[in-house]
Amino acid sequence: MKYISTRGQAPSTDFAGACLAGLAPDGGLYVPESFPQIDPPAKGETYHEVAARILSAFTGDAIPLDDLKPLCARAYGSFAHQCVAPLTQWRQDAWLMELHHGPTLAFKDIAMQIIAQIYDYLLDKSGQRMMIVCATSGDTGGAAAAAFAGAKNTDLVILHPHGRISPVQRMFMTTTGASNIVNLALDGDFDDCQAIVKDMFGDREFVNRVNLSGVNSINWARVAAQSVYYATVQAALGGALRFVVPSGNMGDALAGYVAARCGLLSGGFEAVCAVNANDALARLFNTGVMSRASAVATPSPAMDISVPSNFERLLFEMTGRDADAVRTTYDTYKQAGEAPLPEEAVSRLKCSGLSAASVSNDETMGEMARFEQETGWQICPHTAVGTFHARRLPDADVKTVVLATAAAAKFPETVEEATGRKPVMPARAEALYQHDEVFERTEASIAAVRARIEQHVGRSR
Ligand SMILES: *Cc1c(COP(=O)(O)O)cnc(C)c1O
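Report on the accompanying structure. (Residues numbered from 1 in each chain as written. Predicted model: local features only at pLDDT ≥ 70, side-chain atom pairs only at ≥ 80, totals over all residues. Heavy atoms only, no water.)

This part is about the overall build of the chain. A count of helices and strands for the chain gives 19 helices and 15 strands. Rg of the C-alpha trace for the chain: 20 Å, near the compact-globule value of 23 Å for 461 residues, within the 12% margin. Oriented by its inertia axes, the alpha-carbon framework of the chain measures out at about 55 × 50 × 50 Å. Residues counted as buried form 62% of the 461 residues belonging to the chain. Considering only intrachain contacts with a sequence separation of at least 6, the fraction spanning at least 24 residues in the chain is 76%. Accessible surface for the chain amounts to roughly 16,700 Å². Of this, 49% is attributable to carbon and sulfur atoms. Each charge class in the chain was averaged separately, 40 positive and 51 negative side chains, and the resulting centres sit 2 Å apart. (Helix = DSSP H or I, 4+ residues; strand = E, 2+ residues; numbered from the N terminus. Rg over C-alpha atoms; globule rule 2.2 N^0.38 Å. Buried < 20%, exposed > 50% of the residue type's maximum accessible area, 1.4 Å probe, protein only. Contact = heavy atoms within 4.5 Å. Areas by Shrake-Rupley, 256 points an atom, 1.4 Å probe, with all protein chains shown as cover. Lys, Arg positive; Asp, Glu negative; His and termini not counted. Charge placed at Lys NZ, Arg CZ, Asp CG, Glu CD.)

If you check the shell around the ligand, you find 15 residues, and the closest are Lys108, Asp139, Gly248, Asn249 and Met250. Considered on its own, the ligand offers 380 Å² of accessible surface; in the complex 98% of this is hidden by protein. Across the shell around the ligand, the residue classes break down as six nonpolar, six polar and three charged. (Near = heavy atom within 4 Å. Nonpolar A, V, L, I, M, F, W, Y, C, P; charged D, E, K, R; others polar.)

As enumerated under the stated definition, the model contains 23 salt bridges in all. Of the charged contacts, one joins Arg53 and Glu45 as a salt bridge, the two residues approaching to 2.7 Å between their closest N and O atoms. Assessed through its relative accessible area of 22%, Arg53 is described here as partly exposed. Salt-bridge contacts for Arg170 lead to Glu437; the nearest nitrogen and oxygen are separated by 2.7 Å. Of the two residues, Arg170 is situated in helix H6 (residues 167-174) and Glu437 in the loop between helix H18 (427-430) and strand S15 (440-442); the sequence distance between them amounts to 267 residues. Overall, the relative accessible area of 22% leaves Arg170 in the partly exposed class. (Salt bridge = Lys/Arg side-chain N within 4 Å of Asp/Glu carboxyl O.)

On to the side chain of Thr59. Within the secondary structure, Thr59 sits in helix H2 (residues 47-59). A relative accessible area of 2% means that Thr59 is categorised as buried. Here Thr59 is in contact with Phe15 and Leu68, once residues within four sequence places are set aside.

For the pair helix H4 (residues 108-126) and helix H5 (residues 139-148), the least separation of the axes is 9 Å and the interaxial angle reads 40°. H4 and H5 meet at a crossing whose hand is right-handed. Facing H4, whose interface residues are Lys108, Asp109, Met112, Gln113, Ile115, Ala116 and Tyr119, H5 presents Asp139, Thr140, Ala143, Ala144, Ala146, Ala147 and Phe148. Taken together, the residues that form the contact of H4 with H5 break down as nine nonpolar, two polar and three charged. (Axes fitted to C-alpha atoms, helices over the stretch in contact; angles between N-to-C directions. Left-handed = near helix turned anticlockwise from the far one by under 90°.)

Let us look at the environment of Gln117. Here Gln117 is to be found in helix H4. Residue classification places Gln117 among the buried positions, given a relative accessible area of 18%. A C-alpha to C-alpha distance of 18 Å links Gln117 and Asn211, two positions 94 residues apart in sequence. Discounting chain neighbours no more than four positions away, the residues touching Gln117 are Leu71, Arg74 and Ala75.

Distances and angles like these do not, on their own, reveal function.
This is the structure:
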């Protein structure tokens, strides 16, 4: 299995190369040279067995199936629910797929737990040590910290926007006590954090000197790991499904598209990216123009993103894998702050099964209260963006599956404000309050972040 860059100017590489690099050296994102065709889950196959089998189609020779099996068993053994991604019905024709039973109560754990296992495996094999840098809008950082704390072969530097994430989100990354983790609270928003990471990868001398790697959703292994739960829900519910995916960087929704391309969704593919007031993705789908806007703070901070990085992978497919067209579009966007999509991409996008819609702050807060009145359950504000949009969809002969991307307990202040009741903290979150937080307030500049990384590398090697 070979991986190529969406911008067409990087050499192809194997799974190990694509996974450990994160971003391709030409600034593009890695995608598999072709989509493998994978058998759907068999009766009796457990989540971690399905995960190993699906991932092995993407790892190829880099990690054989027999080696992946114990890695997946370990990764998913840390979940509080043995089904990993269980379904609960909340309406006659609608289900929640609960993706928040991992160590940090958000769906990011599902990919990050296995990625940490994969990194250890690959780095053991090659005898390297790597510096992982990770920008977070709140949940990726915690999931990465939980997964990589104390890892043998990796250091982890996490950039989060200071004051723009919930205290529980922050504590998941700042209380590990692990000496291989550095937390930087940047004076900026998530887009600033993400841009600094992207720019650092553009400096090849620095990348090679510190052996830099990235585990943001630009990393193909995350997309592959997330395609697994689309396959298990299809096997569990059967028939035609319509997914509603609370979206930010669009990694989760793209994983659904990938599952469909790999033959894992027998009932066809339809997914709506539900975004909050940061509606860049909805505007992009509806107007065919990529345009820059600065992110505004909302009740669903993990989705406060104005530049959805995984759209690039979709655009690559929608242009018929025309890397020159993708590169030109992104170059224009970078220079002008706006770029129309190529015409053929716009028409293909309309038939892709994907679409996007925006939900306002008031609608999100109202939905959390309504959901609790109707079911007795509390949902997190990101999930509420999804269920609100699910109610708006026209009746159709399909089952609707909303991805529950985090637990209510991860956003206690917002949930209490919306419903008048504090969510119950799972025991694993209670423990957070007993540890000291360690993070460093840092200027939102590439120079400041680079200097801190160099200092850490100097100490750890
Ligand atoms: C990251 C995140 C999202 C957005 O997922 P993307 O893959 O970036 O689209 C939605 N909800 C929660 C709780 C998240 O942590």
